[in-house]
Amino acid sequence: MKQDEKILAQYYDGELNERKSAEVKKQLDSSHEGALALENMTKISQLFQVLHEQSQESTSFEGFDKRVINAIRSQKTPVPFSEKLRVWATEFFAHRKLVWIPAASVAGAACVAVLAVGLQNSKQMIPTMPDRTDSSTWQASGTTDSIVSTVAVTAPSEMNVEEFSLETDNGQRIAVVWIDE
Amino acid sequence: MKKATSMHIVNVSTIVFFLAASFISFRADAADEQIVCKVFTIEATNSGLGLDDSLKQYASIFTQKPFNAFNSFKLVSEKEYRLAPNQPLKLTLPEQLIGTLEYRGMSGTRLKLNLKLSRQDCSPILIEGTAGNGVPFMAAGLKSPNGRWVLAVKCKD
Amino acid sequence: MAAANPKEYSDIELVNRCRNGDEMAFSQLVQRYQRKVYTIALGMVKNPDDAMDIAQEGFVKVHRYIGNFQGSSSFYTWLYRIVVNLCIDHLRKNGRYASDEYDERTHNREGGQGRGVLSSNLGNNPSANLGRKELAAYLQRAIEDLPPYHRAVILMREIEGMSYSDMADTLNISKGTVMSRLHHARQKLQAALQLYLEGDLSVD
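Residues numbered from 1 in each chain as written. Chains lettered and ligands numbered in written order. Predicted model: local features only at pLDDT ≥ 70, side-chain atom pairs only at ≥ 80, totals over all residues. Heavy atoms only, no water.

1. Describing the overall build of chain A
In plain terms, the rule: Numbering of helices and strands runs from the N terminus, with a helix taken as a DSSP run of H or I at least four residues long and a strand as a DSSP run of E at least two residues long. Working definition: with a 1.4 Å probe on protein chains only, accessible area under 20% of the residue-type maximum means buried, over 50% means exposed, and in between means partly exposed. Should any heavy atoms of two residues lie within 4.5 Å, those residues are counted as being in contact. For accessible areas, the Shrake-Rupley method is used with a probe of radius 1.4 Å. Any residue's cover is judged against the shown protein chains and nothing else.
Counting its secondary structure elements, chain A contains six helices and four strands. Sequence-ordered secondary structure for chain A, helices as α and strands as β, is α-α-α-α-α-α-β-β-β-β. Per-residue burial over chain A gives 37% buried out of 181 residues. Across chain A, the fraction of contacts at a sequence separation of at least 24, relative to all contacts at a separation of at least 6, is 39%. When the accessible surface of chain A is split by element, carbon and sulfur atoms take 56% of a total near 11,200 Å².

Laid out in structure tokens, this is it:
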């Protein structure tokens, strides 16, 4: 987008401060091209208003709120915690962009440090997944050569996940994860 | 002064040459790192139609648990994707199923792949797979119109 | 003590009352925003029945997650975000837009090209006398050709008069991206409606 187009759009949309707006207005007096672009934007806006009026003319909202309330009543099942957490996080991070990136980096680094120390001390894997985690590699159940695919699954807690290692005709084993909704 | 300038030009040319050569080899490496994956979408049902001819090579797989609960397997689609490392690609999947596939590099001789699946507005399921060249791994069980979906991912470097 | 007229409650007061299970408060919020939500949905998905369903689903979702609303954005920004996302999901589900990420470069190349909907329908007859309804229908068709996110910004701006920062908040994008999408949307619409813009046609 060219700089002057950008400024003109901001001017049209009322996004410029008073001083800048006055400057653009002055420039428009001597710019035929600018005035034309502005006129085009105005005409498009007029058409939108026509479209808007038409869509409202034939629409009745009578009883709409009651339908919404009824729909809410009919769907009253508890929201899974993971879903609540997801919505909360989306809402939280959407408005704290400047905070969450460094915060997440620090938290990530802290997690890595804790994990590293933990691993050194106990030599055991610490489960870190928030939801149900099913990790499955079939290295342990056969010779390494015969196992040709593996899977590790992280799924929401409400889903049942089961892993299978199936044998092909040539004796190789491939990984299948079954996700039961 | 003139000599110094010539030397300077020679040095600059050498640097440019090496940079260009490195760039070309880097590009070649980058291209080499790409893998080709096929994603087979299969519908498992009890419609009595048996196994699709195109799936015959995996006949023994479909007689084992958990697939032995179904008597018919139909290949719905077979799509090919070219994946660059660490760049998830959106998959074309049946309606209401969203998925991405990401190539995460090699683990020994196996390809590391992340398959992420989800329904609209639902938390995703992350399947971290490793697979030998040309060997599939499968994610199955999600509800389909007539049974369950089976997604088989097979990649080659 | 006279009861306060519920219509005088602010959005956040109504939200707080909803959190305590007050259905009447939620009804107030629905009545306050139903028309706006429907308008956005209709602009996005075109079909009035689908738009009404999406509006309803949007409010149901809002009710479901009202406990998570943190008040850091305005209620209607949050509501719009939910509705716009539902619309985009609807368009994807129906195969109107298979690609998740619209290629802005492709769009740049397309922007301003071609003769547009009006010229292709009217040939080179600028004196064609189009009524308001027909012009609006051409606009609707031109809107349908926009990718969903571009469609969302132009509707929010032109119908709702939302500011760049409110749009950025609603769509969770930067103001720069809002400007860019708005610019592309306008370019595309101008190309599609060029005869009207050239002054031969009027909405009057």
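2. Observations regarding the overall build of chain C
Looking only at helices and strands, chain C features 11 helices and zero strands. N-terminal to C-terminal, the α/β element order of chain C is α-α-α-α-α-α-α-α-α-α-α. Considering chain C as a whole, with its 204 residues, one finds that 52% of them fall into the buried category. When the accessible surface of chain C is totalled, it reaches about 9,000 Å², and 44% of it is carbon and sulfur.

3. A closer look at the environment of Val161 of chain A
Position of Val161 of chain A among the secondary structure elements: in strand β3 (residues 160–167). Here the alpha-carbon distance between Val161 of chain A and Glu181 of chain A, two residues 20 residues apart in the chain, equals 8.9 Å.

4. A look at the interface of chain A and chain C
To be explicit about the condition: Buried surface area refers to the total accessible area, computed with a probe of radius 1.4 Å, that the two partners give up upon joining, counted for both partners together. When a carboxyl oxygen of Asp or Glu lies within 4 Å of a side-chain nitrogen of Lys or Arg, that pair is called a salt bridge. In protein, a polar contact means a hydrogen-donor-capable atom and an acceptor-capable atom, both N or O and within 3.5 Å, with residues adjacent in sequence counting only if both atoms are side-chain atoms; elsewhere, any N or O pair within 3.5 Å suffices. Just so you know the grouping, Ala, Val, Leu, Ile, Met, Phe, Trp, Tyr, Cys and Pro go in nonpolar, Asp, Glu, Lys and Arg go in charged, and all remaining residues, Gly too, go in polar.
Across the boundary between the two partners, chain A contributes 50 residues, which contact 54 residues of chain C. Across the chain A to chain C interface the summed buried area is about 5,100 Å²; carbon plus sulfur atoms make up 59%. One can count two salt bridges joining chain A with chain C. Salt-bridge contacts for Asp13 of chain A lead to Arg157 of chain C; the nearest nitrogen and oxygen are separated by 3.0 Å. Here chain A is connected to chain C by nine residue pairs in polar contact (both at pLDDT 80 or more). Elements with a contribution of two residues or more to the side of chain A that touches chain C: α1 (3–12), α3 (32–57), α4 (64–74) and α5 (81–94) of chain A. A total of 17 residues in the side of chain A that touches chain C trace back to one element, the largest contributor, which is α3 of chain A. Considering only residue class, the side of chain A that touches chain C consists of 22 nonpolar, 14 polar and 14 charged.

5. Details of the state of the cysteines
All names here are of chain B. Applied cut-off: Criterion for a disulfide: a pair of cysteine sulfur atoms at a distance within 2.5 Å.
On inspection of all chains with the given rule, the structure shows one disulfide over all chains. In this model, Cys37 is linked to Cys155 through a disulfide, with the two sulfur atoms separated by 2.1 Å. Looking down the S-S bond of the Cys37 and Cys155 bridge, the torsion is 110 degrees, so its handedness is right-handed. In this pair, Cys37 is assigned in strand β1 (residues 35–45) and Cys155 in strand β8 (residues 148–156), connecting sequence segments 118 residues apart.

6. So, the interface of chain B and chain A
Each side of the interface is counted separately: chain B has 31 residues, and chain A has 30 residues. A combined buried area of about 2,600 Å² lies between chain B and chain A, and 55% of that area is made up of carbon and sulfur atoms. For chain B, the biggest contributors to the area lost against chain A are Arg110, Ser123 and Ile125 of chain B; these three give 19% of the whole. A salt bridge links Asp180 of chain A to Arg148 of chain B; the nearest nitrogen and oxygen atoms lie 3.0 Å apart. Our enumeration of links across chain B and chain A arrives at eight residue pairs in polar contact (both at pLDDT 80 or more).

7. Considering the sheet that holds β1 of chain B
Sheet strands pair by backbone hydrogen bonding; their relative direction is either parallel or antiparallel. Defined as follows: DSSP bridges decide pairing: two strands pair if at least two such bridges lie between them. Fitting a line to C-alpha atoms yields each axis, with helices limited to the stretch in contact; the angle taken between N-to-C directions then spans 0 to 180 degrees.
Strands sit in the order β3(A)-β4(A)-β7(B)-β8(B)-β1(B)-β2(B) across an open sheet of six strands; the sheet is mixed. The strands lining the two open edges of the sheet, one partner per strand, are β3 of chain A together with β2 (72–83) of chain B. Across the sheet, the axes of successive neighbouring strands diverge by a mean angle of 20 degrees, strand direction being ignored.

8. Things to note about the side chain of Asp65 of chain A
As a reminder of what qualifies: Charged residues are defined narrowly, with Lys and Arg counted positive, Asp and Glu counted negative, and His plus the chain ends left uncounted.
Looking at where Asp65 of chain A falls in the secondary structure, it is placed in helix α4. Although Asp65 of chain A lies buried, it forms no salt bridge, and the closest oppositely charged side chain, Lys66 of chain A, sits 4.5 Å away as judged by the N-O distance. If we skip the residues at most four places from it in the chain, Asp65 of chain A touches Ser27, Val30, Gln31 and Gln34 of chain C.

9. Thoughts on the packing of helix α8 (residues 148–158) of chain C against helix α9 (residues 164–171) of chain C
Residue and element names in this part refer to chain C. Counted only if it meets this: Relative orientations are named as follows: roughly parallel for angles under 35 degrees, roughly antiparallel for angles over 145 degrees, roughly perpendicular for angles from 65 to 115 degrees, and oblique for any other angle. Helix crossings get a hand from a simple test, with the near helix turned counterclockwise from the far one by less than a right angle marking a left-handed crossing and a clockwise turn marking a right-handed one.
Packing of α8 against α9 leaves a shortest axis separation of 10 Å and a crossing angle of 140 degrees. What the angle tells us is that α8 and α9 run oblique. The crossing of α8 and α9 is right-handed. On the side of α8, the interface is formed by Ala152, Val153, Met156 and Arg157, while α9 contributes Met167, Thr170 and Leu171. Classifying every residue of the contact of α8 with α9 gives five nonpolar, one polar and one charged.

10. Remarks on the side chain of Asp11 of chain C
Residue and element names in this part refer to chain C. Here Asp11 shows up in helix α1 (residues 11–19). Residue class for Asp11 comes out buried when judged on its relative accessible area of 16%. Residue contacts for Asp11: discarding those within four places in its chain leaves Leu29, Arg32, Tyr33 and Phe75.

11. Section: the packing of aromatic side chains
Each aromatic ring pair is specified by the distance between its two centres and by the angle formed by the two planes. Short version of the rule: Think of it this way: a Phe, Tyr or Trp ring, Trp meaning its six-membered ring, pairs with another when their centres are within 6.5 Å, and the plane angle makes it stacked under 30 degrees, edge-to-face over 60, tilted otherwise.
Evaluated as defined, the whole model comprises 12 aromatic pairs over all chains. Between Tyr33 of chain C and Phe75 of chain C, the ring centres sit 5.7 Å apart and the planes meet at 50 degrees, which makes this aromatic pair tilted. Taken together, the positions of Tyr33 of chain C in helix α2 (residues 23–45) and Phe75 of chain C in helix α4 (residues 75–93) put the pair 42 residues apart, joining distant regions of the chain. Phe75 of chain C matches Tyr33 of chain C in its accessibility class, with the two residues each being buried. Through a chain of ring-to-ring contacts, the aromatic side chains of Trp178 of chain A together with Phe62, Phe67, Phe70 and Phe73 of chain B assemble into a single cluster.

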